[in-house]
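One-letter residues, chain by chain:
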Amino acid sequence: MTPLIHLIRRASALPVFVACAALFALMVMTFCDVILRSVFNSPIEAATELTRILMAILVFSVMPIISVSDGHIAVDLTDGIFHRLRLSRLRDGILYVVSGILLFWPIQRIWILAERARDYGDVTEYLSIPTYYIGWFITVSLAITAIAMIITGLLHLFAPKLLSESAQ
């Protein structure tokens with residue numbers, strides 16, 4: 001089981017690289033758009049749709065990693081109570097599993113919307129990029145997030161030692 005976890009941890013660098021590339025492209029495009037708009041009064045017309053696409057790639061590519069590594073914003077009002085009662089691991093496991101299961105509804109809805117966009121032939125305004133590609137990307141990213149959260153929750157409940165940093 002440990003070699004599998006090592007492989008998964010190494011493979012998690014790919015979505016981070018994709019997000020970094022999207023962020024860099026977004027930064028360069030915004031810089032060029034501002035310069036072209038200010039100096040030459042000629043903005044990049046497709047900047048808005050590229051910003052939307054790159055933001056979707058940026059957010060949803062790292063969602064599995066952020067979700068599994070406790071990277072979300074959290075309010076710790078009840079952490080002291082759970083820690084004193086030694087129920088933190090149980091709480092975390094249940095929350096991961098329930099959150100992963102709850103993600104299957106948005107996965108289904110976004111897939112349906114992406115397929116509808118494909119059937120209608122929806123494309124972006126300036127570059128004519130088919131919008132269903134972005135929907136498929138979001139669906140796949142959410143599915144990976146859901147599976148990763150369920151697995152992490154089960155590991156929290158039944159094999160917490162595999163989650164520790166010493167298992168690397």
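Residues numbered from 1 in each chain as written. Predicted model: local features only at pLDDT ≥ 70, side-chain atom pairs only at ≥ 80, totals over all residues. Heavy atoms only, no water.

> Could you give me a rundown of the overall build of the protein chain, with the residues and numbers involved?
A tally of regular secondary structure across the protein chain gives 7 helices and 0 strands. Along the chain direction, N to C, the helices and strands of the protein chain fall in the order α-α-α-α-α-α-α. The globule rule puts the C-alpha radius of gyration for 168 residues at 15 Å, and the 20 Å found for the protein chain is more than 25% above it. Each principal axis of the C-alpha distribution contributes one length, and for the protein chain these read about 65 × 40 × 35 Å. Looking at the protein chain residue by residue over its 168 residues, the buried ones come to 27%. One way to put it: in the protein chain the 12 positive side-chain charges average out to a point 13 Å from where the 12 negative ones average out. (Helix = DSSP H or I, 4+ residues; strand = E, 2+ residues; numbered from the N terminus. Rg over C-alpha atoms; globule rule 2.2 N^0.38 Å. Buried < 20%, exposed > 50% of the residue type's maximum accessible area, 1.4 Å probe, protein only. Lys, Arg positive; Asp, Glu negative; His and termini not counted. Charge placed at Lys NZ, Arg CZ, Asp CG, Glu CD.)

> Residue-level account of the packing of helix α3 (residues 47–68) against helix α7 (residues 132–158), with values.
Running from N to C, α3 and α7 point in directions that differ by 10 degrees, and their axes come no closer than 8 Å. Considering their axes alone, α3 and α7 lie roughly parallel with respect to each other. Together, Ile53, Ala56, Ile57, Phe60, Ser61, Met63, Pro64, Ser67 and Val68 of α3 and Ile134, Phe137, Ile138, Ser141, Leu142, Ile144, Thr145, Ala148, Met149 and Thr152 of α7 make up the contact between the two elements. (Axes fitted to C-alpha atoms, helices over the stretch in contact; angles between N-to-C directions. Parallel < 35°, antiparallel > 145°, perpendicular 65-115°, else oblique. Contact = heavy atoms within 4.5 Å.)

> Outline the confidence of the model for the protein chain, supporting the account with residue identities and numerical values.
In the predicted model, the protein chain carries a mean pLDDT of 91, and the fraction of residues at 70 or more is 97%. When pLDDT is averaged over each element of the protein chain, helix α6 (residues 104–120) comes out on top at 97 and helix α1 (residues 2–11) at the bottom at 78. (pLDDT = per-residue confidence, 0-100.)

> I'd love a proper account of helix α2 (residues 13–39), names of residues and values included.
Across its 27 residues, α2 extends 39 Å between first and last C-alpha, which sits within 8% of the 39 Å expected from 1.5 Å per residue. Among the residues of α2, those classed as buried are Ala19, Ala22, Leu26, Met29 and Asp33. Of the surrounding elements, those touching the buried residues of α2 are α3. (Expected span 1.5 Å × (residues − 1).)

> Now, about the nonpolar core: what can you tell me, with residues and values included?
The biggest cluster of nonpolar side chains holds 11 residues, and these are Ile53, Ala56, Phe60, Tyr96, Leu103, Ile107, Ile134, Ile138, Leu142, Ala146 and Met149. Those elements that provide at least two residues to this core are α3 and α7. Among the elements that take part in this core, α7 stands out by supplying 5 residues, more than any other. In contact with Phe60, other than residues within four places in its own chain, are Phe137, Ile138, Ser141 and Leu142. Judged by nonpolar contacts, the second largest core, of 7 residues, contains Ala19, Leu26, Met29 and Ala47. (Core = buried A, V, L, I, M, F, W, Y, C linked by side-chain atoms within 4.5 Å.)

> Give me the pattern of salt bridges: which residues, what numbers.
Counting across every chain of the model gives 4 salt bridges. One salt bridge connects Asp33 with Arg37, and the closest N-O pair in it is separated by 3.0 Å. Residue Asp33 and its partner Arg37 are located together in helix α2, separated by 4 residues, close to a single helical turn. Classification of Asp33 as buried rests on a relative accessible area of 11%. For Glu115, the salt bridge goes to Arg118, with nearest N and O atoms at 2.6 Å. Of this pair, Glu115 and Arg118 both sit in helix α6, 3 residues apart, roughly one helical turn. Classification of Arg118 as partly exposed rests on a relative accessible area of 38%. Connected via shared salt-bridge partners are Asp79, Arg91 and Asp92. (Salt bridge = Lys/Arg side-chain N within 4 Å of Asp/Glu carboxyl O.)

> Which residues make up the layout of surface pockets, and what are the values?
Looking at the second largest pocket, its volume works out to about 450 Å³. Looking at the second largest pocket, it is lined by 15 residues, and the ones nearest its centre are Asp70, Ala74, Arg91, Asp92 and Leu95. For the lining of the second largest pocket, the secondary-structure elements that each account for two or more residues are α4 (79–84) and α5 (88–102). Counting residues per element, the lining of the second largest pocket draws most heavily on α5, which supplies 5 residues. Within the lining of the second largest pocket, the residues separate by chemical class into 7 nonpolar, 4 polar and 4 charged. (1 Å grid on protein atoms, 1.4 Å probe; cavity = no way out; pocket = protein on both sides within 12 Å on 5 of 7 lines; lining within 4 Å. Points joined across faces, edges and corners; volume = space filled by probe spheres on them. Nonpolar A, V, L, I, M, F, W, Y, C, P; charged D, E, K, R; others polar.)

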